[in-house]
Each structure stands twice: as structure tokens, then as C-alpha cells.
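Residue-level structure breakdown
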Amino acid sequence: MAERQQVIVIGGGPAGLTAAIYAARANLSPLVIEGYAAGGQLMTTTDVENYPGFPTGVQGPELMQMFRDQAARFGATMLSVDVTRVDFSARPFRVWTDDTEYEADAVIISTGANAKWLGLESESRLRGYGVSSCATCDGFFFKDKDMVVVGGGDTAMEEALFLARMASSITVVHRRDEFRASQIMAQRVLDHPKISVRWNAVVEEVVGEGLVSGVRVRDTVTGETDTIPTAAVFVAIGHEPNTGLFKGLLDMDESDYLVTTGTSTNIEGVFACGDVQDTVYRQAITAAGSGCQAAIDAERWLEAQHSEPAQTLGTTNN
Ligand code: NDP
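Residues numbered from 1 in each chain as written. Predicted model: local features only at pLDDT ≥ 70, side-chain atom pairs only at ≥ 80, totals over all residues. Heavy atoms only, no water.

Within the element layout of this structure, Thr 243 appears in the loop between β18 (239–241) and β19 (270–272). With relative accessibility at 2%, the residue Thr 243 sits in the buried group. Filtering out sequence-adjacent residues up to four positions away, Thr 243 remains in contact with Met 252, Asp 256, Leu 258 and Val 276. (Helix = DSSP H or I, 4+ residues; strand = E, 2+ residues; numbered from the N terminus. Buried < 20%, exposed > 50% of the residue type's maximum accessible area, 1.4 Å probe, protein only. Contact = heavy atoms within 4.5 Å.)

Take a look at the structure:
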């Protein structure tokens, strides 16, 4: 027998937990199925200095614990297991974990996205100690230092241009001899006096004991290696939204992000918020903001369902 819930939130980062706080305060007793990696990307972030309300900064995991405590205080239930399958083809919607089947009147998806990494041991060892995937979050720690940005897409260009405001120099390391980025962004990087580019170069190792001191790169044409001294390495080779569960069920863009209008997906009653549907901002505060919106949208939608005659299941055409 499936457990019936009014609202199930899938994913427990800033978006999902904010949705849970708002849904709980609307008396919807949300169940948050957070996943085994509860807390999202902030769990692997050390100092968060741009979350409003924390003038001296806060540790990522500490911030997420506060979100959880706040959601729990109003009656949200958190479950640190993964969702294994969903069925949105009929109402109530169905959501499975390994050992339980749930039914939900409304679902809020906030499964987030993960930065892609190069996959080097030295990269993961020094993450948070000079290796980062977020210039907006971490650039400031390396003010007036030399920095490296890895990648050749628009994200890499954007990160390099942002960091150039505070760095003494930026080296963009790209594995080919031309950028993938849009012409206009690429040109801005090429024209910037503080930014230089290492073409045809792959990062073999992030160098440093305790803190980053350089990156060892190999020239793909000559095969030669050398080390670029740097205090920080910003890996900007793309993001991957966590949408595998929803393939074929929900509309996605060409990079597999959920397509939303506001927070509505193409299935009425299924909402999405946070990085899983955001290719632009990707900040904890914007994720939290959209989580709030999703909960309000879900609450209003549920309210409308109760006050209207039974409807047949349909998809929104927006
Ligand atoms: P992209 O997939 O566009 O680019 C990724 C870049 O990283 C490519 O240059 C790729 O190299 C490189 N790369 C990938 N894997 C590796 C690896 N293992 N080692 C070294 N280099 C690697 O991702 P983005 O995040 O840059 O952009 C995603 C989407 O978001 C795009 O559509 C982009 O236009 C959009 N965007 C738009 C912005 C804007 O308009 N302001 C800002 C940011 C993103 P290669 O080129 O050789 O494949």
C-alpha cells in the first residue's frame, strides 16, 4: 500500500529545502526525499560568503543544516534516500525509493545539477583549497592572485571575465585551438589585457600541498608539459543536471535541463526549481528563491484542484 503525501519534494539542496519550508508552513506536511547526497552542492562548499544574512560567511554544510532544521520545525519530513523511479502519467503521482512507494498530489523537483570535473585525483583533493567550479562563489578568496580557468565554452569565458576584475592575471586553458563559446564572449576574453589563453593544453595535474600552487599542463600538439603557477583553478567545463529519472517524462532542453514556465513543468502538478531548471544563475540564493516560488505555485495549484470539479489529467500548453 503506497504512502499518500500532499507534496513530495525530490532533492534537498537550497531549492528543495526552501520549497519544504514554504510548503510546511502552508500546512502541506511535505516529504523531502533528499537523496543519499542530501544538501546538494553546498555540502562540498566550504566558505559561503554571498548568502545574504551571513555577513561573516557560513560553511556550506552548516547552512544546509540550518535549512533542514527550519523545514523540520514546521513539519517537513526529510528522508536521506534516493528516488529510484517516478510515474507522472496519472494522478496521484507515484514516486518510488528502494523500499517504499509513495503517492503525491503534487511533486516539486529540485534535484540540482553538478559541475563537471576533470576527474583528476589532485583536483578532488584540492577542491575547496584553490580548486573551484564557481567563480562567483570563490573568486574573491584569490583577489590579486594569478588564476587559471579551464574550458572553452561560454561558462569559461564568463568565469574568466568575472575573475579578471579581481585577479592579477588569468590563464584560460583550453584543450583545442578554438573556443566553443559564442563569438562575442570569446572576443571579450581574447581582447582582455589581463587574460591569456593556452591553446591545445590539457590539465594533467593540479599541483599543491594543502593549497593550489599551479597546474601541470600538456601541450596536445608538441606533447611537452609545463607548470603554470596559480593560486586557483576554476574548472568551467560544463554542468550536468540531475534529470535521469525524468527522461521521457518531462520536457528537457538539449542539455537535459528541465524546461519550466515559472516553476511549472509540462505536467500539471509537477513543479521544478533550482539548478535542475536553471542554466543561468546557479546560485544558492536563486535556487532558494525559486524553491519558494515552486512551493507557492504548488500550494495554489492544489488549492485550485480542491475547489474545482475533478479534471482529467492533462499537460499544460505553456
Ligand atoms: P559547454 O559544453 O558549452 O562547454 C564546455 C567546454 O569545456 C568546452 O569548451 C569543452 O571543450 C570543455 N571541456 C569539456 N570537457 C572537458 C574536459 N574533460 N577537459 C577539458 N575541457 C573540457 O558548457 P558551458 O558550461 O560553457 O555552457 C553550457 C551552455 O550554457 C551553453 O549552451 C552556453 O552557451 C550556455 N551559457 C551561456 C552563457 C551566456 O550566454 N552568458 C554563460 C554560460 C553558459 P571542447 O570545446 O573541446 O568540447
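Taken domain by domain, the protein chain consists of domain 1 (3–114 + 239–317) and domain 2 (117–235). Taken together, the contact between domain 1 and domain 2 spans six residues of the former and eight residues of the latter. Counting across the domain 1 and domain 2 interface gives zero salt bridges. Summed over the shared surface of domain 1 and domain 2, the number is zero residue pairs in polar contact (both at pLDDT 80 or more). Of the residues that constitute the side of domain 1 that touches domain 2, the class distribution is no nonpolar, three polar and three charged. (Domains from an automatic or database assignment. Salt bridge = Lys/Arg side-chain N within 4 Å of Asp/Glu carboxyl O. Polar contact = N/O pair within 3.5 Å; in protein donor to acceptor, adjacent residues only side chain to side chain. Nonpolar A, V, L, I, M, F, W, Y, C, P; charged D, E, K, R; others polar.)

Here three strands make up an open sheet; going across it, the order is β14-β15-β16 and the pairing antiparallel. The two strands at the open ends of the sheet, each matched to only one other strand, are β14 (201–207) and β16 (225–229). Neighbouring strand axes in the sheet, compared pairwise and without regard to direction, differ in orientation by 30 degrees on average. Taken together, the five bridges between strand β15 (residues 214–219) and β16 define a ladder with antiparallel strand orientation. (Pairing = 2+ DSSP bridges. Axes fitted to C-alpha atoms, helices over the stretch in contact; angles between N-to-C directions.)

Think of an α-helix as turning once every 3.6 residues; residues three or four places apart then point the same way. Look at helix α7 (residues 284–307): 35 Å from first C-alpha to last across 24 residues, which is about the 34 Å you get at 1.5 Å a residue. The complete set of buried residues in α7 reads Ala 284, Ala 287, Ala 288, Ser 290, Gly 291, Cys 292, Ala 294, Ala 295, Ala 298, Trp 301, Leu 302 and Gln 305. Those residues of α7 that are buried are in contact with β1 (3–10), α1 (14–25), α2 (60–73), β8 (101–109) and β19. (Expected span 1.5 Å × (residues − 1).)

Per the counting criterion, the structure on display carries one disulfide. Between the sulfur of Cys 134 and that of Cys 137 lies a disulfide, 2.0 Å long from S to S. Taking the sign of the torsion about the S-S bond as the criterion, the disulfide between Cys 134 and Cys 137, at about 70 degrees, is right-handed. By relative accessible area, Cys 134 is classed as buried at 15%. The partly exposed category is assigned to Cys 137, whose relative accessible area is 23%. Free of any disulfide, Cys 273 has its nearest neighbouring cysteine sulfur in Cys 292, separated by 9.8 Å. (Disulfide = S-S within 2.5 Å.)

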